[in-house]
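Each chain, letter by letter, is given below.
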Amino acid sequence: MVRYAKEHKQETRQRIVETAGRRFKRDGIDGSGISTLMKDAGLTNGTFYAYFASKDELVATAVADQMRTQHANIVAQAAPGRAGLEQIVRWYFSTEQRDSIEDGCPNAALLDEIVRSTDPTRQAYTDGALVLIDGFAARLAPHDPPSARLKSLGLLGMLAGTLQLSRALTDRQLADELLEQGIRNALALLDAEQHN
């Protein structure tokens, strides 16, 4: 029997988590079976249980990973202050981000299913969302981030809801106009916060 190094096992587990996250965003959690997820990762079905006790455990892990990745790649990389928030908003409402569901935001792709998921999945999402909104709040009110936390949560809701609606529209021009309006709405919210 071949024994793999601890690093190999961790790398394989991470590959399963990352490919599952992409598949969940593209096809939905309920639309993604274990056999498809393992095929995406280049592994056999039987290998799944060496890494996860259940699909629910993988879902919670993948949601947490997707939220961490969004924070690390977008929010943490943005400039400080309002300029950073504007970067985030413009990225979020880009047509590329909208049209690449599997590489895009887990909020807009998975919220409707997370609501009906297990408590661990909902908690993984909540924890990730709080990290995102804390990143927003630190830019919105650098000297008192807790004061901007609820408004930052509202901004996240505005971002995710607008993106979901834009993705759902069949009229491409209207969908693009909605993204542009989303930018204006979000920037108006940010500017209103600066004057309060």
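Refer to the structure above for everything that follows.
Residues numbered from 1 in each chain as written. Predicted model: local features only at pLDDT ≥ 70, side-chain atom pairs only at ≥ 80, totals over all residues. Heavy atoms only, no water.

Trainee: A description of the overall build of the protein chain should follow, citing residues and the corresponding values.
Mentor: Tallying secondary structure elements over the protein chain gives 9 helices and 0 strands in all. Counting helices and strands in the order they occur from the N terminus, the protein chain gives α-α-α-α-α-α-α-α-α. Its C-alpha atoms give the protein chain a radius of gyration of 18 Å, within 12% of the compact-globule value 16 Å for 196 residues. Principal-axis analysis of the C-alpha atoms gives the protein chain an extent of 65 × 40 × 25 Å. (Helix = DSSP H or I, 4+ residues; strand = E, 2+ residues; numbered from the N terminus. Rg over C-alpha atoms; globule rule 2.2 N^0.38 Å.)

Trainee: Before we move on, can you summarise the pattern of salt bridges with the specific residues and values?
Mentor: Going through the model one piece at a time under the given rule, you end up with 16 salt bridges. Across the pair R22 and E102 runs a salt bridge whose closest N-O atoms are separated by 2.4 Å. One end of the pair, R22, is in helix α1 (residues 6-27); the other, E102, is in the loop between α5 (95-99) and α6 (106-114), and 80 residues separate them in sequence. According to the relative accessible area criterion, E102 is buried, its value standing at 18%. The salt bridge involving D27 is made with R23; its shortest N-O contact spans 2.6 Å. In this pair, D27 and R23 both sit in helix α1, 4 residues apart, roughly one turn of the helix. According to the relative accessible area criterion, D27 is partly exposed, its value standing at 35%. Its relative accessible area of 15% is what places R23 among the buried residues. Bridged by salt links that share partners, the residues R22, R23, R26, D27, D40, E102 and D103 form one connected network. (Salt bridge = Lys/Arg side-chain N within 4 Å of Asp/Glu carboxyl O. Buried < 20%, exposed > 50% of the residue type's maximum accessible area, 1.4 Å probe, protein only.)

Trainee: Talk me through the packing of aromatic side chains; I want residue IDs and the actual numbers.
Mentor: All told, the structure shown has 4 aromatic pairs when counted by the stated rule. A ring pair is formed by F48 and Y49, whose centres lie 4.9 Å apart and whose planes are at 85°; its orientation type is edge-to-face. Looking at F48, the relative accessible area reads 0%, which means it is buried. On the basis of relative accessibility, which here comes to 54%, the residue Y49 falls in the exposed class. Site record: aromatic cluster; members linked through ring pairs are F48, Y49 and F52. (Phe/Tyr/Trp six-rings, centres within 6.5 Å; stacked < 30°, edge-to-face > 60°.)

Trainee: Give me the nonpolar core: which residues, what numbers.
Mentor: Counting residues in each nonpolar core, the largest one holds 52 residues, and the members touching the most others are I16, F24, L58, V63, Y92, F93 and F136. Among the elements of the structure, α1, α2 (34-40), α3 (55-75), α4 (81-92), α6, α7 (119-140), α8 (149-168) and α9 (172-195) are those that each provide at least two residues to this core. Ignoring sequence-local partners within four residues, the contact set of I16 consists of M38, A41, L43, Y51, F52 and L58. (Core = buried A, V, L, I, M, F, W, Y, C linked by side-chain atoms within 4.5 Å. Contact = heavy atoms within 4.5 Å.)

Trainee: Explain the side chain of S32 to me, using residue names and the numbers behind them.
Mentor: Here S32 lies in the loop between α1 and α2. Not counting residues up to four positions away in its chain, the partners in contact with S32 are R23, F24, D27, L37 and K55.

Trainee: Please give an account of α4 that cites residues and values.
Mentor: With 12 residues, α4 extends 17 Å between its outermost C-alpha atoms, agreeing within 8% with the 16 Å of an ideal straight helix rising 1.5 Å per residue. All buried positions along α4 are accounted for by G81, G84, L85, I88, V89 and Y92. Buried residues along α4 cover an arc of 140° about the axis, so they all sit on one side. (Expected span 1.5 Å × (residues − 1). Arc of directions from axis to C-beta.)

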